[in-house]
Amino acid sequence: MSAKPMKKLFLLFASLLPLAAAYAQTPDELDRDRSKYATYQFSEDDKYTGENPYTPVFVKQPKSGKIKNIIVMIGDGMGFEQISCGWVANGGALNMFNMPYSGASKTDCTDKLVTDSCAGGTAIAIGQKTKYGYIGIDENAQPVESVLKYAQRKGMKTGVVVTCRINDATPADFCGHSTTRKDEEGLAAQYVDSGVDFISGGGTHFWNQRSDGRNLIEEIQAKGYTYVDKLEDVEGATGDKFVGLFGEYDLDPVLDRGPVLQTCTKKALEMLEGKKGFFLMVEGSQIDDWAHRNKVGYMCEELFDFDKTLGMVLEWAEKDGHTLVVVTADHATGGLTLLKGSTEERTVKVHFSTSGHNGILVPIFSYGPHAEEFAGFHENADIGKIIRKLLK
């Protein structure tokens, strides 16, 4: 081949590189609005030192085998790798390590080995594996009743508390149905008639800045919900139904937003408690976001926020005596490797092999009545199946 055609071929290849790079991004990177993240940086994204260690709580298994309440806590993107980093950076201890039963979950979906939050969360929510990108529906695109909706039908109160926008994949897996996470306005609108008693997260843009002109905040208030958009107003909120939206899109990183997850989870426990019991899903949403961005410091801070919330939940559950708490993840993110560190110095050095998800097993921790049923190796859909069985 002459030099001239070779030059043209090289120029064509070079022009296609940006397009190829765009298509190489993971679906999560394309689908998430990241404009609200803080601008400050940890000094080096692959190193982190935990500066404010906390002491885990220790709780005893309840004597009663009767379940009244079920709390499912999902660390989005929280594989064994993320937990290992958090354990080291907190000086060798986490609340989830003090739960009496543990196991592991396979996260593959029906059409891909490496899942996303839609299919991964849906498997937990409905007790069936489904296709990549599907929310609250089976692999044939048919809506399936989630464990939250099943609890609702049994007369139990229900709630979701997250740090992402409330219409994002994981909360929507439990509260709605869609073939795509991109239908953000549609997923938000499904909450108005969902009957979910306690709703907390972000995403006001999809509630009152909609293309159809609807104001979902006004609509849901008309149905008797107390609406709050400031953290300081949560504790004093009254009424039987609650909506808290604390950001236009996803919430700020935890070092900026403060203890929103802990405060709103505590409020949910207070408002949902009743004679017939409740089902509550709590998500540490941004563990995943910062693993996507390969920033171990932010990732650890989000994991600590989730684990501190778990500590508060476990203490509440111990006093109650009839509450099952299950902690798991929808998938792992970042291809994270813990290279070295020190529990004494609370330091970690890591390597991220990808900005996307990976297919490594994720943990299951459980506490309370029938917690032993979650021990051992499971498919992710088994979690939903076991919960549904225990609700009967």
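We now turn to the structure provided with this report.

About the thresholds
Sequence positions are assigned chain by chain, starting from 1 and proceeding in written order. Residues qualify for local features only when their pLDDT is at least 70, as the model is predicted, and side-chain atom pairs are given and counted only at 80 or more; totals for whole chains, interfaces and linings, by contrast, use all residues. Side-chain numbers here rest on the full set of heavy atoms in the structure, without hydrogens or water. Helix and strand assignments follow DSSP, with helices taken as H or I runs no shorter than four residues and strands as E runs no shorter than two, numbered in order from the N terminus. Three labels apply to residues, based on accessible area from a 1.4 Å probe with only protein chains included: buried if under 20% of the type maximum, exposed if over 50%, partly exposed otherwise in between. Two residues qualify as a contact provided that any one of their heavy atoms is within 4.5 Å of a heavy atom in the partner residue. Computed by Shrake-Rupley with a 1.4 Å probe, the accessible areas treat only the displayed protein chains as cover when residues are assessed. When DSSP finds two or more bridges between two strands, those strands count as paired. Like charges are joined within 9 Å and nonpolar side chains (Val, Leu, Ile, Met, Phe, Trp, Tyr) within 5 Å, but only among residues with over 30% relative accessible area and no salt bridge; these make up the patches. Definition used for salt bridges: Asp or Glu carboxyl oxygen within 4 Å of a side-chain nitrogen of Lys or Arg. Axis lines are fitted through C-alpha atoms, for helices just across the contact stretch, and the angle between N-to-C directions can take any value from 0 to 180 degrees. In this text, buried Ala, Val, Leu, Ile, Met, Phe, Trp, Tyr and Cys residues form a nonpolar core when linked through side-chain atoms within 4.5 Å.

We now examine the overall build of the protein chain. Of the regular secondary structure elements, the protein chain holds 14 helices and 15 strands. Each of the 392 residues in the protein chain was classed as buried or not, and the buried ones make up 56%. Across the protein chain, every contact between residues at least 6 apart in sequence was considered, and the portion connecting residues at least 24 apart equals 75%. Carbon and sulfur atoms provide 52% of the accessible area of the protein chain, an area that totals close to 16,000 Å².

Within strand S14 (residues 362-367), six of the six residues are buried, which leaves the element mostly enclosed by the surrounding structure. Alternating residues of S14 divide into Val362, Ile364 and Ser366 and Pro363, Phe365 and Tyr367, and every residue in both groups is buried. In terms of strand pairing, strand S3 (residues 101-106) meets S14 through five bridges, oriented antiparallel. Counted as the bridge partner of Tyr101 is Ser366 from S14.

A few words on a nonpolar patch on the surface. A cluster of nonpolar side chains, Phe80, Ile360, Leu361 and Phe377, forms an exposed patch at the surface whose accessible area comes to about 370 Å². Following the sequence through the fold, Leu361 ends up in the loop between strand S13 (357-358) and S14. A relative accessible area of 33% means that Leu361 is categorised as partly exposed.

Next up on the list: the sheet that holds strand S5 (residues 198-202). Across the sheet, which stays open at both edges, the ten strands sit in the order S6-S7-S5-S4-S8-S2-S9-S14-S3-S15 with mixed pairing between neighbours. Two strands close off the open sheet at either side, each with one partner strand: strand S6 (225-228) and strand S15 (376-379). On average, each strand axis in the sheet is inclined to that of its neighbour by 15°, with strand direction left out of account. As paired elements, S5 and strand S7 (residues 241-245) share four bridges and run parallel to each other. Bridged to Gly201 within S7 is Leu245. Each of strand S2 (69-75), S3, strand S8 (278-284), strand S9 (323-328), S14 and S15 touches helix H14 (residues 380-391); the most contacted strand, S15, lies at about 95° to it.

Counting 58 residues, the largest nonpolar core has Met78, Met96, Met99, Leu280, Met299, Val325 and Val327 as the members making the most contacts within it. Top element by residues in this core is helix H13 (residues 296-320). It accounts for twelve residues. When residues no more than four places from it in sequence are discounted, the contact partners of Met96 are Met78, Ile83, Phe306, Asp307, Leu310 and Phe365. Within the second largest apolar cluster, 46 residues are counted, among which are Leu148, Ala151, Val162 and Ala189.

What follows deals with the pattern of salt bridges. With the rule as written, the count across this model stands at 19 salt bridges. The residue Arg165 makes a salt bridge to Glu184 at a minimum N-O spacing of 2.6 Å. You can see Arg165 sitting in strand S4 (residues 157-165) and its partner Glu184 sitting in helix H7 (residues 184-189), a full 19 residues away along the chain. Here Lys230 and Asp229 are joined by a salt bridge, their closest N and O atoms 3.6 Å apart. Residue classification places Asp229 among the partly exposed positions, given a relative accessible area of 38%.

Right, let's talk about the environment of His351 for a bit. Within the element layout of this structure, His351 appears in strand S12 (residues 347-352). Sequence-wise, His351 and Val296 are 55 residues apart; in three dimensions their C-alpha atoms are separated by 9.1 Å. His351 has contacts with Gly335, Leu336, Thr337 and Leu339, leaving out every residue within four places of it along the chain.

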